[in-house]
Each structure stands twice: as C-alpha cells, then as structure tokens.
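# Residue-level structural notes
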Amino acid sequence: MEGRATVGRTGAPAGRHGGWRRRWPGPLAAALALLAGVAGACGDGGGPASGEVPGISVQGRRAPLRVVTTIGMLADAARAIGGERVQVQALMGPGVDPHLYKASQSDLELLRSADLIAYVGLHLEGKMTSIFERLRQRRPVVAVGEGLPPERLRAAPGFAGTYDPHIWFDVGLWSEACGVLAAALQALDPAGAEAYRAGLRAYQHELAELQAWVREQIATIPPRRRVLVTAHDAFGYFGRAYGIEVVGLQGISTVSEAGLADVARLVDLLVERELPAIFVESSVSDKGVRAVVAGAAARGHQVRIGGTLYSDALGPEGSGAETYLGMVRHNVRTIVQALRGSSAGDTRGD
Ligand code: ZN
C-alpha cells in the first residue's frame, strides 16, 4: 500500500501550524516536494550552493540515507523498508515518553545532519513540534501520522479538532503509515525506489500476518472481560481495531498527571465490572495504577497488575519487544493471559 508524505518547503507562506503543509496524492508528488526541500536546504542560511553539500544533490541523496526518527517503532519500520540503503537512529530509546521528551543538544545536531527526519506528528512529540516546524524549512521532514487519511484517524477525546497520535496500536493503520514513510524514502532516493517498494511489500506482509494473529488472540478472551485498563489513554486504536473496550487512567497525553477523581473513577469501574487486571506501561509512571489497585482492594476487590505493556516506546534489547513486531506480540500475550483468566498467578506475561 502506498502512502502519502507530508513535507515542508522553503519560502512558502506559513500556515496555521507555522509551516506550509499539503497532502500529496502519491509517491511521485512526494518525491517532487521532497526534492524541492533538498534544493532549499542547499541555499539555506548562506550555505553552499545547490549540489555542493556533501551527500546532497538535486537528483537525490546518496545511499545510505541517514534517517533520524523520534520513536523506536518508526526507526524499526525505516530499517525494515530501507535495508542497507538507510542508516537509522531513533532519538527516543526504551522507556522514553514521547509526550514529554525534550531534544538534547546532541539530538539537535543529529537532526541537523539527517537526510530524512521522520516523526509521528499529530502532537505525539508535543515538546518537539516547533523544532520540526523549523527544521522543515531546511531538511526533508515527514510526519507519517499526518500523511494518513484523516478518516482513518481517531478523534482525540477532549481535544477538539485533534487526532489520537497512537497510530501503531492498530497494526493495519501502522502498515499504512509505513507506506507514507516508504514514499518519503523513495522520493529522496529514487535510485532505490524498487528496493524500498520491495522492503515495504515484505514488511507489510509480516504486518498483515501479525494483524491476523492479534485478532485470533483477542478472540480467546471472554467478551465480557474484553476491557483493557491502562495507565494512559494510548490504546484507543487497539480497542477500535480488535474490539476491546479501553479505559486509561490518564488522558491521551501524559502531560497532566492523573488526579484523585481519575483514580476513583477507575476503582468504580473495576469493582462494578469485576475486572481482574489493570496494566502498567513501560514509559509511564506506575504510581497511579498502584493507587487504583489499592483503592479496589480497600473495597474488597482484588485487581492484579496484569503486566507491563510497551505503549509509547519499544522494549530494551533482549526483552523480545525491541522490534515493533515483538512489541505487539508481547503486549497481546500479556493482555490475553491476564484477561482470559486461564493462567492465574502469571502476572508478568512473557
Ligand atoms: Zn501516549
């Protein structure tokens, strides 16, 4: 499936978000737009004229392309699609919360030297948006979530006119987002177009298999127990795609902490519905979740921590969740084991 890249261009009028944006109908248009961005970069800030910047020419960048991404899931996709034609680095490692992440000086240097910057957008990387808007004037930048058709996105509850950025929780939607990323790579490196298409095809095949497996697994949870209670409201796309009710202690972002009212609301829900488990997230403090467990216990209902889910960051090396495919499998196994009720005592998933 081909996606659409959303890219910026030098010298264009500023839009509502401070930069010029437009949706492109396909990879070729994305290519033209990205190359316009490259030509712009060559004349930026009194730098060398077009063609004199190492590794850059108006014909495209030389492989390997240096790709810098925000979250690890995007880096993983870039490696899968680009293979040897890309050198990929993620700014946000295991356990890092993208909603709160602030770029360090070395991050900025990495971003300034990147051939392609890829982020999710849709306000996921809340503290970095202005940096990307500035970089968009000088470097090829793609916000993969913003290249998806809006009708495929979930409205963000409580934030009028915005979308839920956690698009990787629906494997099918993430597959489409990979198409947007592949289109950006093809546009920047047309000589590798066939390689990127083949890489995308192979990866999307794996994603389609994963999607079918997730559906099978969730179907093994008794319908009345298909309720996923987590630390923050990251799993909305997961719920929509796989038919599971999702309730978060915190909202769609982790910027504001959960209050007593949020804890009380969840305790009521767990007690009334006799739900067996609540989940902690690797990139969010578990303080609130533990308060909910204690609150339920005080009312005579034992809720256990169903395990740790990787929500907004991949797992560390060796965890089995250090790739996107592994992360999804880990989360689904953890959720199914805790909610199915057939493996009492197993609280950690895999
Ligand atoms: Zn989140």
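Here, every reference points to the structure presented above.
These lines cover the structure that appears in this document, whether it is placed above or below. (Residues numbered from 1 in each chain as written. Predicted model: local features only at pLDDT ≥ 70, side-chain atom pairs only at ≥ 80, totals over all residues.)

### Observations concerning the overall build of the protein chain
Counting its secondary structure elements, the protein chain contains 10 helices and 10 strands. In the protein chain, the proportion of contacts linking residues at least 24 apart, taken out of those at least 6 apart, comes to 66%. (Helix = DSSP H or I, 4+ residues; strand = E, 2+ residues; numbered from the N terminus. Contact = placed C-beta atoms within 7 Å.)

### Some remarks on helix H9 (residues 287-298)
Along an α-helix, residues three or four apart share an orientation, since each turn contains 3.6 residues. Here H9 is 12 residues long and its end C-alpha atoms lie 17 Å apart, about the 16 Å a rise of 1.5 Å per residue gives. Against the buried residues of H9 lie strand S7 (227-232), strand S8 (245-250), helix H8 (260-273), strand S9 (277-281) and strand S10 (304-309). Gly300, located one to two residues past H9, shows a positive phi value of around 80°. (Expected span 1.5 Å × (residues − 1).)

### Some thoughts on helix H6 (residues 193-218)
End to end, H6 covers 37 Å across 26 residues, agreeing with the expected 38 Å (1.5 Å per residue, within 8%). All buried positions along H6 are accounted for by Tyr196, Gly199, Leu200, Tyr203, Gln204, Leu207, Val214 and Ile218. Packed against the buried residues of H6 are helix H2 (72-82), helix H5 (171-188), helix H7 (236-242) and helix H10 (324-340). (Buried ≥ 20, exposed ≤ 12 C-beta atoms within 10 Å, placed from the backbone.)

### Examining the nonpolar core
Residues Ile81, Ala118 and Leu181 are the most contacted members of the largest nonpolar core, which totals 97 residues. By residue number, the principal contributor to this core is H5, which donates 13 residues. Here this core gathers at least three residues from each of two domains, domain 1 (16-213) and domain 2 (221-340). Sequence-distant contacts of Ala118, that is, excluding residues within four places in its chain, are made with Val67, Thr69, Leu74, Ala78, Val142, Val144, Leu181 and Ala184. (Core = buried A, V, L, I, M, F, W, Y, C linked by C-beta atoms within 7 Å. Domains from an automatic or database assignment.)

### Digging into the pairing of S7
In terms of burial, S7 is largely enclosed, as five of its six residues are buried. Two strands pair when backbone bridges link them, and S7 and S8 are joined in this way by five bridges, in the parallel orientation. Of the residues in S8, the one forming a bridge with His232 is Gln250. Where the polypeptide runs from S7 across H7 and back to S8, its parallel neighbour, the crossover connection is right-handed. (Pairing = 2+ DSSP bridges. Right-handed = clockwise from strand over helix to strand, strands pointing away.)

### Describing the sheet that holds strand S3 (residues 65-69)
An order of S4-S3-S5-S6 is seen for the four strands of this open sheet, with the pairing classed as parallel. Each of the sheet's edge strands pairs with one partner strand only, and the pair in question is strand S4 (86-90) and strand S6 (141-143). Taking the axes of each pair of neighbouring strands and ignoring which way they run, one obtains an average angle of 20° across the sheet. Bridge count for S3 against strand S5 (residues 116-119) is three bridges, and the pairing is parallel. Looking across to S5, one finds that Thr69 is bridged to Ala118. In the packing of H2 onto the sheet, the strands contacted are S3, S4 and S5, and the crossing angle to S4 comes to about 170°. (Axes fitted to C-alpha atoms, helices over the stretch in contact; angles between N-to-C directions.)

### Observations concerning the pairing of S3
Among the five residues in S3, four count as buried, and that is most of the element. Note that S3 and S4 share five bridges and pair parallel. Across the sheet, Arg66 pairs through a bridge with Gln87, a residue of S4. A crossover connection joins S3 to the parallel S4 through H2; in handedness this β-α-β unit is right-handed.

### Description of the packing of H5 against H6
At a minimum axis separation of 9 Å, H5 and H6 run at an interaxial angle of 175°. The angle between H5 and H6 places the two elements in the roughly antiparallel class. Here H5 contributes Val171, Gly172, Trp174, Ser175, Cys178, Gly179, Ala182, Leu185 and Gln186 to the contact with H6, which in turn contributes Ala193, Tyr196, Leu200, Tyr203, Gln204, Leu207, Leu210, Gln211 and Val214. (Parallel < 35°, antiparallel > 145°, perpendicular 65-115°, else oblique.)

### Focus on the packing of H2 against H6
Their axes nearest at 7 Å, the elements H2 and H6 cross at an angle of 120°. Viewed along their axes, H2 and H6 adopt a mutual orientation that is oblique. On H6, the residues touching Ala77, Ala80, Ile81 and Gly82 of H2 are Tyr196, Gly199, Leu200 and Tyr203.

### Focus: unusual backbone geometry
If you check the backbone angles, Leu122 has positive phi at about 55° while not being a glycine. Locating Leu122 in the fold gives a position in the loop between S5 and helix H4 (129-135). Overall, Leu122 belongs to the buried group, with 21 C-beta atoms counted inside 10 Å. Positive phi is not limited to glycine here, since Glu274 has a value of about 55°. Along the polypeptide, Glu274 turns up in the loop between H8 and S9.

### Section: the environment of Ala313
Its location among the elements puts Ala313 in the loop between S10 and H10. When the C-alpha atoms of Ala313 and Ile71 are compared, they prove to be 6.4 Å apart, with 242 residues separating the residues in sequence.

By themselves, these are just geometric observations and shouldn't be taken as functional.
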